[in-house]
Amino acid sequence: MDAAIYVAIISGCVALVSAAISLYGVAFQEQQKKLLIALQHKLEQESKKQTKEQLVKELIGKYREPLLTAAFDLQSRIYNIVEISFLQIYYINGTKLEKEYASENTLYVIAEYLGWVEIIRREIQFLNLIDVIENLKFVQLINQINQTFLEGRIDRTFRIFRGEQRAIGEIMMTPLSANNNSPSRECIGYATFVLKQKDPDFSRWFEKLRQDIEILANEPVNHSQRLIKLQHELVELIDFLDPDYIRFPKKFRTKIK
């Protein structure tokens, strides 16, 4: 074989091998680049998740005390209505002032609880924590209570539709100057609540509930199913928020039988 041809063949082979190695190198680099991008994305997602989980802990910590108190007050009132005839004693047989208190304060403890739930819901939405918090027991407990309020298969006394729950929660909110880890909103107090009942736009949201109190006071045995279920679920929420019985002793968390 002519030396020139041999050299040309060898050179061609070397060129092909070099080209193949070069192409493989480019493909390898591209693959490595994709892997690095995927890894970086995963790390960023994990970082965001950890940041959101921290925000969830801070959110629960911020609203633990007011929600715990509101839940306890509501379950306590339900317990007193069902177990010790609170409405018969004070609404039916009490003085004018006692009857007013029995009605208005019962409305208030329901509204205050819904107010704090609405505040928390808005905070979750504002901080974009839905993807992290929706599977937490904290939210599951609250959602179950909301569901019991609107359950249609139970006697309609004290039934509150989801939109009504949120509307009541909305009108109960009042702005509060944020202070470190303190809530930026709070619920109006009882005195303000009573005064606002003179406003038709405010009081309209409580007309049915006020009628329900009248019904329950006169026929306690026939209309307590929803209340008993709510009381059980509120106790479970209280147990979650105060598992060591620091705020409220265990003896005050008795479920209605």
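Residues numbered from 1 in each chain as written. Predicted model: local features only at pLDDT ≥ 70, side-chain atom pairs only at ≥ 80, totals over all residues. Heavy atoms only, no water.

Novice: How should I be thinking about the pattern of salt bridges in this particular structure?
Specialist: When their charged atoms lie close together, side chains carrying opposite charge are able to pair. Applying the stated criterion across every chain yields a total of 13 salt bridges. A salt bridge links Arg 122 to Glu 118; its shortest N-O distance comes to 2.9 Å. Taken together, the residues Arg 122 and Glu 118, both in helix α3 (residues 96-126) and 4 residues apart, mark about one turn of the helix. With relative accessibility at 24%, the residue Arg 122 sits in the partly exposed group. Glu 118 gets classed as buried once you look at its relative accessible area, which sits at 3%. (Salt bridge = Lys/Arg side-chain N within 4 Å of Asp/Glu carboxyl O. Helix = DSSP H or I, 4+ residues; strand = E, 2+ residues; numbered from the N terminus. Buried < 20%, exposed > 50% of the residue type's maximum accessible area, 1.4 Å probe, protein only.)

Novice: Where do I start with the packing of α3 against helix α5 (residues 137-150) in this structure?
Specialist: For any two helices packed against each other, one specifies the crossing angle of their axes together with the interaxial distance. With their axes 12 Å apart at the nearest point, α3 and α5 run at an angle of 135° to one another. Our classification of the angle between α3 and α5 gives oblique. In the packing of α3 onto α5, the handedness of the crossing is left-handed. In this structure, α3 uses Ile 110, Tyr 113, Leu 114, Val 117 and Ile 120 to contact α5, whose residues at the interface are Phe 138, Ile 142, Ile 145, Asn 146 and Phe 149. (Axes fitted to C-alpha atoms, helices over the stretch in contact; angles between N-to-C directions. Parallel < 35°, antiparallel > 145°, perpendicular 65-115°, else oblique. Left-handed = near helix turned anticlockwise from the far one by under 90°. Contact = heavy atoms within 4.5 Å.)

Novice: What's the story with helix α9 (residues 207-218) in this structure? I'm lost.
Specialist: An α-helical segment advances 3.6 residues per turn. Residues three or four places apart therefore align on the same side. A rise of 1.5 Å per residue sets the reference length of α9, with its 12 residues, at 16 Å; its end C-alpha atoms lie 17 Å apart and thus fit the reference within 8%. Here α9 has its buried residues at Leu 209, Asp 212, Ile 213, Leu 216 and Ala 217. Seen from one end, α9 has its buried residues packed into an arc of 135°, which puts them on one side. (Expected span 1.5 Å × (residues − 1). Arc of directions from axis to C-beta.)

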